[in-house]
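Given next are the chains, with one letter for each unit.
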Amino acid sequence: MARAGRPIVVFDSGEGGLTLLKQAWALYPGEDYIYICDTEHFPYGQRPLVQVRTFFLGVLTYALTLDPKAVIIACNTATAAALDAARAVSGDVPVVGVVEPGILAAVRVTHNRRIGVLTTVATHRSGIYQNGLRAAEARAVVWQRPCPLLVVLAENGRVTGPESRAAVAHCVQGLLAEDVDTLILGCTHFPHMQAIFAEVVGDRAHLIDPGLETAKILPHYVVGLQREGLGTVSLLTTGQPERVLRVGRQLWEHIVMRPGQLAWEDGEVVRRR
Ligand code: DGL
């Protein structure tokens, strides 16, 4: 049973997961949130899964010292690499990944059961969406496509403009040609380009944002979420706190956010300031 006053930790490799944080905050504003991103090791999606697991478990060890009510892995790649391992060591702290909520939403809305998934290279390699979709809907036909260029564009704030539009169109055209009616944005950075995706895909496919779906069904995993009041938001990073704060401020102008510096020391995450 969750105790009041304990924070919810939201993790991503970079700034992409701030969209999930924003959605969770909109639904449960009374919670205290601590966003942690491992910018030093970004991008996770280009790394071997075993290395991503080691990094995420290092972050989790630090996160558990904060006595969280839950840990949400907003990163699809870290979910693919480490969700089971994280649950094995988190004790009574629920660890929530973004992949399952995204899968459940996709199988709910698809009519023709032809589902496309855009991911990082590592998530693609893990097969987590392919296997999860088939487990949830045995008749699902799944097409996956890794889109590392979109990760780089989104992390650098290039979420609009002709170059990003062309990159999105390039990624989705093969899937749309296969007549998918549902497209999972299986990387936390892709929802930052939601406007371009909506324009390029139009009404040909439902767009699924696993982060949004996770925020919506969070009460399935975490008891006693505060829908009233105003909690706090802290942004901790192994990279540059000012940079994360700047992106955070673009998403919420009216929320006070406290930045903080984390660092890796001998394989462990420590707080610097
Ligand atoms: N956060 C990662 C994900 O959702 C994408 C960025 C990265 O490659 O680290 O898969």
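Sequence positions are assigned chain by chain, starting from 1 and proceeding in written order. Under the rules for a predicted model, residues below a pLDDT of 70 receive no local features and side-chain atom pairs below 80 are neither given nor counted, while totals for whole chains, interfaces and linings still include all residues. Hydrogens and water molecules were not included; the side-chain quantities draw on all heavy atoms of the structure.

**As for the packing of aromatic side chains**
Here is step 1: Note on aromatic pairs: the rings of Phe, Tyr and Trp (six-membered ring only in Trp) are paired at centre separations within 6.5 Å, and the planes decide the class, stacked below 30 degrees, edge-to-face beyond 60, tilted for the rest. This structure, assessed with the given rule, holds five aromatic pairs.
Here is step 2: Aromatic pair tyrosine 44 and phenylalanine 55: ring centres 6.0 Å apart, planes at 35 degrees, arrangement tilted. Separated by 11 residues along the polypeptide, tyrosine 44 in the loop between β2 (33-37) and α2 (49-64) and phenylalanine 55 in helix α2 bring together distant segments of the chain.
Here is step 3: Each residue is assigned to one of three classes by its accessible area relative to the maximum for its type, calculated with a 1.4 Å probe on protein chains only: buried under 20%, partly exposed between the two thresholds, exposed over 50%. Assessed through its relative accessible area of 1%, tyrosine 44 is described here as buried. Numbering of helices and strands runs from the N terminus, with a helix taken as a DSSP run of H or I at least four residues long and a strand as a DSSP run of E at least two residues long.

**Considering the pairing of strand β5 (residues 114-119)**
Successive residues of a regular strand alternate their side chains across the two faces of the sheet.
Here is step 1: Of all six residues in β5, five are buried, a share of seventy percent or more.
Here is step 2: Paired strands, as defined in this entry, are two strands with at least two bridges between them according to DSSP. By the bridge criterion, six bridges tie β5 to strand β6 (residues 141-146) in an arrangement that is parallel. Each residue of the ladder has a partner; that of threonine 119, found in β6, is proline 146.
Here is step 3: Of the strand pairs in this sheet, β5 and strand β7 (residues 182-185) are connected by four bridges, and their pairing is parallel. In the strand pairing of β7, valine 117 is matched with isoleucine 184.

**Thoughts on the nonpolar core**
Here is step 1: Within the largest apolar cluster, 28 residues are counted, with the highest numbers of intra-cluster contacts made by Val10, Leu21, Tyr33, Tyr35 and Leu235.
Here is step 2: Elements represented by at least two residues in this core include exactly β1 (8-12), α1 (18-27), β2, β3 (70-73), β9 (233-237) and α12 (241-251).
Here is step 3: If one sorts the elements of this core by residue count, α1 sits on top with five residues.
Here is step 4: Contacts are assigned to residue pairs that have any heavy atoms within 4.5 Å of one another. Here leucine 21 is in contact with Val10, Tyr33, Tyr35, Val233, Leu235 and Trp252, once residues within four sequence places are set aside.
Here is step 5: Residues Val71, Leu83, Val95 and Leu236 belong to the second largest nonpolar core, which totals 26 residues. Side-chain atoms within 4.5 Å link the members of a nonpolar core, which is a set of buried Ala, Val, Leu, Ile, Met, Phe, Trp, Tyr and Cys residues.

**Examining helix α8 (residues 162-177)**
Here is step 1: To estimate the expected span of a helix, subtract one from its residue number and multiply by 1.5 Å. For α8, spanning 16 residues, the distance from its first C-alpha to its last is 22 Å, which sits close to the expected 22 Å at 1.5 Å a residue.
Here is step 2: Maximal helix bending in α8 amounts to about 30 degrees, located at cysteine 171.
Here is step 3: For α8, the complete set of buried residues consists of Ser164, Ala167, Val168, Cys171, Val172, Leu175 and Leu176.
Here is step 4: A positive backbone phi angle near 70 degrees is found at aspartate 179, which sits one or two residues after α8. The seven residues ending at a residue and the seven starting there each receive a fitted axis; the angle between those axes is the bend at that residue.

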